[in-house]
Structures are given as C-alpha cells and as structure tokens.
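Chain by chain, the residues:
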Amino acid sequence: MSIFRESSVIVIESSRRTIRAGVGLGDYLRAPSLEFPARVGLRKNASTSKLSTPGGDISFSDAFSTGLQNGNAPKPSGMKEEDLAMNGEEETSNNKPTTTYIRPGRLHPAVPEAKVSEYLVGAQLDEAIAAGDNLEIYWPLEEGNDIRSWAQVEALWKYVLFNRLQLRRKQNESPVALCVPSSFSRATHELLAQLFFERFNVPGFMLVERPLMQLFAANALYGVVIDISYSSTTITPITDSIIQHSHEVNIAVGTRDCELYLANLLRSNQSLVTALSEGGALTDEDLTARLLELAQQVWHDNLVKVPSDGETAQTEEDEGITNIAALLVAGKEKAAIEAGTKKKATAKQTQAEREREREIAALDLVSVEFRGKSLTLGRERHRFCEPLFDPNLLRPLSAASKDSLLDNVIPLQEGVHLAVNSLPVDRRWLVWSGVFISGDMVNGVKGLAPALQSRLQPFLLTDNQNNKHVNFLKVPEYFGDYRDKGDGMASFLGTSIVAKLAYNDPITKNYLSKADYATQGPRAILDFSPAVY
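If you're wondering where the values come from, they're calculated on a predicted model, not measured in any experiment.

1. Structural notes on unusual backbone geometry
- Not every positive phi belongs to a glycine, and asparagine 219 is a case in point at roughly 65°.
- Its place among the elements puts asparagine 219 in the loop between α5 (210–217) and β11 (223–228).
- In the Ramachandran plot, serine 241 falls in the positive-phi region, its phi being about 65° despite a non-glycine side chain.
- Within the element layout of this structure, serine 241 appears in the loop between β12 (233–239) and β13 (242–243).

What follows is the structure, given as structure tokens:
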C-alpha cells in the first residue's frame, strides 16, 4: 500500500520557458492547474547576498556545491524560516524606471547572487513590470544547458509550492515529481534532490527528464522526440525507454526565430503596415515590435498551416460528419455543430456572396483582431516555420543576432536524420516508428508532422535500410484534459503517469524518500529515479 495519497502528489514540469504544476493525480489525470513563465525579476537596487563560511565568503550557488560534498546545504547569512514565503514588499527608486531583459541564449556577464526572497516571480513580477519598476529579468532555465543560478530556480519552485499551492514547509506531506531538461548534468540532479529535501522539506522526490516523459505520453518506448522551444530545437532519440544522450542533436533555431521571420514577411504587406500605422507614424523599432506581436498572435490563434515540401498551403475542406461516435470520443461535437450551422448559413447566401466567399477561400485570407483593428492576412502566415527547415532564411534578419552561428546550424529534417542514423542499424527502424513533435508551437501550428515527413523522405530513400516509413505519434485522445493541446503538454502528462505508478508502488522504490535521503545522501537520486540514466 502506498504511503502517499494520490491527492497530495505534486507534479512540476520545468521547461526552458514555462513552469507548469498541479497537485493530485487520481484516476483522471488532469492538466496542470497553474502555468507561468519561467522567469524571475530582480530590482536593480536589490542587495546581493554572500554566505559566511569558515573558508571565507562564497556565493549562494557555490554553497550548494559545498553542501553536496559535506552532506548538507548551508543557508545564506540572515536567512530566516519566514523568508521561505515570497517577499512581496515594494521598493522605490529615484531613477527612471527601466526594465532590462536578459535575452535567452546569452550569458549575462554577472548573474547576481541575491537572496531568494528578493526575486520576484509570477504575479508579483507581472505587477512590477506593469508598474515600470527598475528590473532585470532572468530566464534561469533558458540560458545554457544547465542551472546557472540556484537562487533563481529556487525562487521559481518555492513560488509554486508555498505561494500558489499553499503548502507549509514545516508540515509538508506532498511528494514531488519534477520534470527537467535532459541537458542537466548528474551533479545537478544531486543538487536538485538536496534542494527539494533540505530547502522545501518534501517527504518524497522523483526526478525525470522531459524527452522520455514526452514519449511516454504518446504511449511509446522507442522513438525520437523533437522539442521545439523558444530559442532552440532539441532532437532526442530514445531506445527501450533510455535517452541516448550522446546522439542528441541541438539546433539553434526555435519559435522566436520563426516569429522574427514572419514579422519580416508581414513588413512587405504595405496595406498591413498602413493599417498598423493609423493614428500616427511609427518608428522602425515600434513597427518591428508590433509586427512581432502580430506574428505571435497569428500562431497562437491557430492560423498557421505548414505546407508539405514543394506544396503551398491549402485550406481544409469539410468532408462532412461520417462518424458521430468518433466525434463524441474526441470531444469535437461542438466543432461539428458549428460547422453544420455554418453550412446552413452558406446555403442561404446569394450567388454573389457565395462567389465572394469562394474568392476569399482561394486567396486564403483571414481577418485578425489586433489592437482594436481588423487586419487581413494572406498565405504568407503559412511560411511561419520555414526557418526550421531552412535556417539560411534568417541571415538577412539582423534582429535574429545569429549570423555567426548559422554556419553551423542544420535544417530540422537533417538534424532528425542525423540523430537517428547515428544509432546502431538494428535500432533505427524502431526509432523511426515513433517520431514525436512537442513544444508550445505544436498547439498553434497545424501540419508540422506532414511537412517534416515530406522533407524526411529523400533521406530515407537514400539510406540502405528496408524501412522507408516514418510514423508520427500523438497523445491519445482518451486523455480528456489534453485534447487538442496534449502534444504541447506531453511532458507534464508523461510525468503524471510515471508519478502515479511510482508513488503507488513503495516496494520497487522508484522515488527517493526522506528516510533514504537521510541515510544515503543526494547521490541516491541517481539510483532511485529509474527514468534518469
């Protein structure tokens, strides 16, 4: 019998740009109850903290490394128990309010080691930005391949546990299942265990990696996971539930680059630029910002359909309702009713109205409500993902700031082929049978899988292997909370599935308990988390 109640288990997914969390599992795996950007803010007049140790002053993050060797993690001097609650005090400055954003993918020359309570997270940070406070914004999980500031990530997870989920540190009875990027080192895994046990006082801790959880959510053990994040794309082959880290491929092109590319395409639409400039001329910088905001809205509103290789995007035709039971199972009965209503309205149109509608459909025009204006966009929106398949398209964009890096960037289809073909020959066909595309983009962009498949075919035809077929996976539709958005939240779903199995089976010990941590130390997390190799 499990020593933990399913209703108390906490699942946290920590991606490069987003934190998702939820409490409770049960028979019906729910979608995350909270989601917020994985960023922290620090007021520019905030003080930095040092730790006083017998060997001298060391920074907070260095203290964790020291604590790992000594078996404990020291606290910053002056850190009290009540500091575990988020500090919401407002600070004022006589300087002109400015906000400095540390761009993802760039290393800041001096990451401040402030007290954890000095960092603003979530709603507190949003309010400070809206008020125009002097801030520096950091994305601690986005920069580099590992954790650079332990104070910043502690502030993120502490906000989840003690602010949003209202846990009490002294009486914490909720075990945690934490999902992290696969690039984290084994030393970091040990430090994570130490952080959650010694700073958050969790009774149980389980650590899993994102690619494997994404594949589990798609009900597969073999496959290749393509995770499209904000500033990069990671391609991870997995065989028999083991991540092949040495075969992982990283491409320095992500959603942000696609947004910049589409914004540049929209700039050539003079009627669009004129509409955006109504009410006063815009500077080039302001116009770029608005076009980028519009590009973001376009894919968030599901207005992008990626054409296959050599094809132009076509509008989807309604084939009629052929299987009512399938619609009910998929939860798409509302969409079917709306389609039927639209068809009836079309039947009542005059001949001129029908011809006009067919003309608009042929041009593939859509109307977008943006900043109180109705804007018309054409097929250029479907070119949103072109930088993924041809990174050289980003060269003319100085805003991409990656000209020097593009020489070593390969197209997505080439990266997938490289990752799979680096595996032993007898395992490649198993991996090709489970290609899974994940990331926030997949929830708003249609046709990614067929587009990638058409671009992979030339590589498969030249390979000397019997299998020439690529099978793309999706999250099963029987997960009700994940319909139409499951592929983008696959890592959270996969973590919930593994947590349900692990915390209900105390015999095999697929999680690290507080008692085992006390006797074996942080290194035990490597033995008690079978999903981490």
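2. Description of the packing of aromatic side chains
- Under the counting rule described, the total for this entry stands at 12 aromatic pairs.
- Their ring planes at 15° and their centres at 4.6 Å tell us that phenylalanine 197 and tyrosine 517 sit as a pair that is stacked. Taken together, the positions of phenylalanine 197 in helix α4 (residues 186–198) and tyrosine 517 in helix α17 (residues 514–520) put the pair 320 residues apart, joining distant regions of the chain.
- Among the residues examined, tyrosine 517 registers a relative accessible area of 9% and is labelled buried.
- If you follow arginine 17 out to its NZ or CZ, it ends over the ring of tryptophan 139, 3.4 Å from the centre.

3. A look at the pattern of salt bridges
- Scanning the model with the defined rule gives 16 salt bridges in all.
- With a shortest N-O distance of 2.9 Å, glutamate 6 and lysine 500 are connected by a salt bridge. Of this pair, glutamate 6 sits in the segment before β1 (10–14) while lysine 500 sits in helix α16 (residues 490–503), placing them 494 residues apart in sequence.
- The structure contains a network of salt bridges with shared partners spanning Glu13, Arg20, Glu35, Arg210, Asp227 and Asp440.

4. Some words on helix α6 (residues 255–267)
- With 13 residues, α6 extends 19 Å between its outermost C-alpha atoms, agreeing within 8% with the 18 Å of an ideal straight helix rising 1.5 Å per residue.
- With 11 of 13 residues buried, α6 lies mostly within the body of the structure.
- For α6, the complete set of buried residues consists of Thr255, Arg256, Asp257, Cys258, Glu259, Leu260, Tyr261, Leu262, Ala263, Leu265 and Leu266.

5. Comments concerning the sheet that holds β1
- Taking strand neighbours across the sheet as the criterion, the six strands line up as β3-β2-β1-β9-β10-β20 in an open arrangement whose pairing is mixed. Each edge of the open sheet carries a strand with a single partner, namely β3 (34–37) and β20 (512–513).
- Bridge count between strand β2 (residues 18–23) and β3: four bridges; the pairing is antiparallel. Paired with arginine 20 across the two strands is glutamate 35, which belongs to β3.

6. Some words on the environment of phenylalanine 459
- Mapped onto the elements, phenylalanine 459 comes out in helix α15 (residues 448–462).
- The partly exposed category is assigned to phenylalanine 459, whose relative accessible area is 23%.
- Between the alpha carbons of phenylalanine 459 and glutamate 414 there is a distance of 8.1 Å; along the sequence they are 45 residues apart.
- Sequence-distant contacts of phenylalanine 459, defined by excluding residues within four places in its chain, comprise Gln413, Glu414 and His417.

7. Remarks on the packing of α5 against α16
- Following both chains from N to C, one finds α5 and α16 inclined at 80°, their axes separated by 7 Å at the closest point. Between α5 and α16, the angle falls in the class roughly perpendicular. Contacts between α5 and α16 involve Arg210, Met213, Gln214, Phe216 and Ala217 from the former and Ala490, Ser491, Leu493, Gly494, Thr495, Ile497 and Val498 from the latter.
- Looking at the contact of α5 with α16, its residues break down into seven nonpolar, four polar and one charged.

8. Considering the state of the cysteines
- Taken as a whole, this structure holds zero disulfides when the rule is applied.
- The cysteine cysteine 258 is free of any disulfide, with cysteine 385 supplying the nearest cysteine sulfur at 5.1 Å.

9. Examining the environment of valine 160
- Among the secondary structure elements, valine 160 is positioned in helix α3 (residues 150–164).
- The exposure class of valine 160 is buried, given its relative accessible area of 0%.
- Residues valine 160 and isoleucine 10, spaced 150 residues apart in sequence, show a C-alpha to C-alpha distance of 10.0 Å.
- What valine 160 contacts, discounting residues up to four positions off in sequence, is Ile12, Ile19, Ala21, Leu34, Phe36 and Leu165.

10. Focus: the pairing of strand β17 (residues 373–377)
- The pairing of strand β16 (residues 366–370) with β17 spans five bridges and is antiparallel. Residue pairing in the sheet places valine 366 in a bridge with leucine 377 of β17.
- The antiparallel hairpin formed by β16 and β17 contains two residues in its connecting segment, where arginine 371 sits at a positive phi of about 50°.

11. Describing the nonpolar core
- Core analysis: the largest hydrophobic core is formed by 58 residues, its most contacted members being Leu294, Phe384, Cys385, Leu412, Met441, Val445 and Leu448.
- Core analysis: the second largest hydrophobic core is formed by 47 residues, Trp150, Leu161, Leu512 and Phe528 among them.

12. Focus: the confidence of the model for the protein
- Summary statistics for the protein give a mean pLDDT of 79 and a share of 73% for residues scoring 70 or more.
- Segment residues 312–322 is flagged for pLDDT under 50; beyond a separation of four residues in sequence, or across chains, it makes 16 contacts in the model.
- Confidence drops under pLDDT 50 across residues 326–330; counting only partners more than four residues distant or on other chains, this segment forms nine contacts.

13. Concerning the pairing of β11
- Among the six residues of β11, six are classified as buried, and the element is accordingly described as predominantly covered.
- Judged by which residues are buried, β11 turns out to be covered on both faces: Gly223, Val225 and Asp227 on one side and Val224, Ile226 and Ile228 on the other are all buried.
- Taken together, the six bridges between β11 and β12 define a ladder with antiparallel strand orientation. When the sheet's bridge partners are listed, glycine 223 is paired in β12 with isoleucine 238.
- Taking the residues that link successive antiparallel strands as the turn, the β11-β12 hairpin has four residues.
- In terms of strand pairing, β11 meets strand β18 (residues 435–438) through four bridges, oriented parallel. The residue of β18 that forms the bridge with valine 224 is valine 435.

Definitions and cut-offs
Residues numbered from 1 in each chain as written. Predicted model: local features only at pLDDT ≥ 70, side-chain atom pairs only at ≥ 80, totals over all residues. Heavy atoms only, no water. Helix = DSSP H or I, 4+ residues; strand = E, 2+ residues; numbered from the N terminus. Phe/Tyr/Trp six-rings, centres within 6.5 Å; stacked < 30°, edge-to-face > 60°. Buried < 20%, exposed > 50% of the residue type's maximum accessible area, 1.4 Å probe, protein only. Lys NZ or Arg CZ within 6 Å of the ring centre and 35° of its normal. Salt bridge = Lys/Arg side-chain N within 4 Å of Asp/Glu carboxyl O. Expected span 1.5 Å × (residues − 1). Pairing = 2+ DSSP bridges. Contact = heavy atoms within 4.5 Å. Axes fitted to C-alpha atoms, helices over the stretch in contact; angles between N-to-C directions. Parallel < 35°, antiparallel > 145°, perpendicular 65-115°, else oblique. Nonpolar A, V, L, I, M, F, W, Y, C, P; charged D, E, K, R; others polar. Disulfide = S-S within 2.5 Å. Core = buried A, V, L, I, M, F, W, Y, C linked by side-chain atoms within 4.5 Å. pLDDT = per-residue confidence, 0-100.

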